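Letter by letter, the chains look like this.
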Amino acid sequence: MNILAIDSHSPSGSIAIAQDGEIKFLSYLNIQGTHSSKLMKMIDQALQNCDLQVQDLQQIVLSIGPGSFTGIRIGLATAKGLAFPHSIPLLPVCSLQMRAATFANLGKNIISFSDAKTKEIYAAVYDQNLNPLIQPNCYKIGDFFSKISGEFIITGDNYEIIKEFATHLKLTFADSAQKLPLSSYLLTMAKPDLKFDFDSLCNLEPMYLRKSQAEIVWEKKNK
């Protein structure tokens, strides 16, 4: 089974391919720019290195957000563009769950977060089997950490913004390598029995979890 994994929810981008359960290709690029000019090139490189065509894929796994509004849109549009012509099943995965997957099966609950700016974070809590204990959402930083107590592994993209709110917790922090959002972890969530569903794919939307900053500013100006 050939599976393509795509992540573009952050300023970085990552592509991975598994064949018969074994990772054959993994790339990570800290783009710091638009994914539109890089993502398809990365996918083409991945397919070429694995001697595959798009039509050889049996599944695509995609990080659907939350994260960068532009990156998520580009990732979803790219995945749909590959999936529709060849009836390839597409599995959406929350980007917070993808980040947490680095620490699955280690016997601890996992806090996964990313900076949503304006003193907010996208965050969720998962058990070691990646079942959500606190559902993904956009939270005021203090409100989120006031909900939880105990011992956790924590992974995120900006520890400085949360430290003052998490002093009551016993935290094991992911290091700089462990917290990289690698698409290879999406491959661990693939579902071999997933079927192509035209209607579901048509209706699939990004997991934004909040309005964009542009929408917030516009609403404030037009109240």
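Our subject is the structure that appears above.
The shown structure was predicted, so the numbers you read here are calculated from the model rather than taken from an experiment.

1. Some thoughts on the overall build of the protein
When its secondary structure is counted, the protein shows seven helices and 10 strands. Dimensions of the protein, computed from C-alpha atoms along their principal axes, come out at roughly 50 × 50 × 30 Å. Residues counted as buried form 50% of the 223 residues belonging to the protein. Residue pairs in contact within the protein that sit at least 24 positions apart in sequence constitute 62% of those at least 6 positions apart. Per element, the accessible surface of the protein, about 11000 Å² overall, is 50% carbon and sulfur.

2. Observations concerning the packing of helix H1 (residues 39–49) against helix H2 (residues 69–86)
At their nearest, the axes of H1 and H2 sit 11 Å apart, and the two run at 45° to each other. In this view, H1 runs oblique relative to H2, as classed from their interaxial angle. Crossing handedness for the pair H1 and H2: right-handed. Residue-level inspection shows Leu39, Met40 and Ile43 of H1 in contact with H2, the latter providing Ile74, Gly75, Thr78 and Leu82. When grouped by side-chain class, the residues that make up the contact of H1 with H2 number five nonpolar, two polar and no charged.

3. Remarks on the pairing of strand S7 (residues 120–126)
Among the seven residues in S7, seven count as buried, and that is most of the element. Of the two faces of S7, the one holding Glu120, Tyr122, Ala124 and Tyr126 and the one holding Ile121, Ala123 and Val125 are both buried throughout. Here strand S6 (residues 109–117) pairs with S7 via seven bridges, running antiparallel. The partner of Lys117 across the bridge, within S7, is Glu120. Taking the residues that link successive antiparallel strands as the turn, the S6-S7 hairpin has two residues, and the phi of Thr118 there is positive, at about 45°. Sheet topology places S7 next to strand S8 (residues 132–140); six bridges connect them, and they run antiparallel. By the bridge assignment, Glu120 is partnered in S8 with Lys140. Count of turn residues in the S7/S8 antiparallel hairpin: five residues, of which Leu130 carries a positive phi of about 70°.

The rules behind the values
- Residues numbered from 1 in each chain as written.
- Predicted model: local features only at pLDDT ≥ 70, side-chain atom pairs only at ≥ 80, totals over all residues.
- Heavy atoms only, no water.
- Helix = DSSP H or I, 4+ residues; strand = E, 2+ residues; numbered from the N terminus.
- Buried < 20%, exposed > 50% of the residue type's maximum accessible area, 1.4 Å probe, protein only.
- Contact = heavy atoms within 4.5 Å.
- Areas by Shrake-Rupley, 256 points an atom, 1.4 Å probe, with all protein chains shown as cover.
- Axes fitted to C-alpha atoms, helices over the stretch in contact; angles between N-to-C directions.
- Parallel < 35°, antiparallel > 145°, perpendicular 65-115°, else oblique.
- Left-handed = near helix turned anticlockwise from the far one by under 90°.
- Nonpolar A, V, L, I, M, F, W, Y, C, P; charged D, E, K, R; others polar.
- Pairing = 2+ DSSP bridges.

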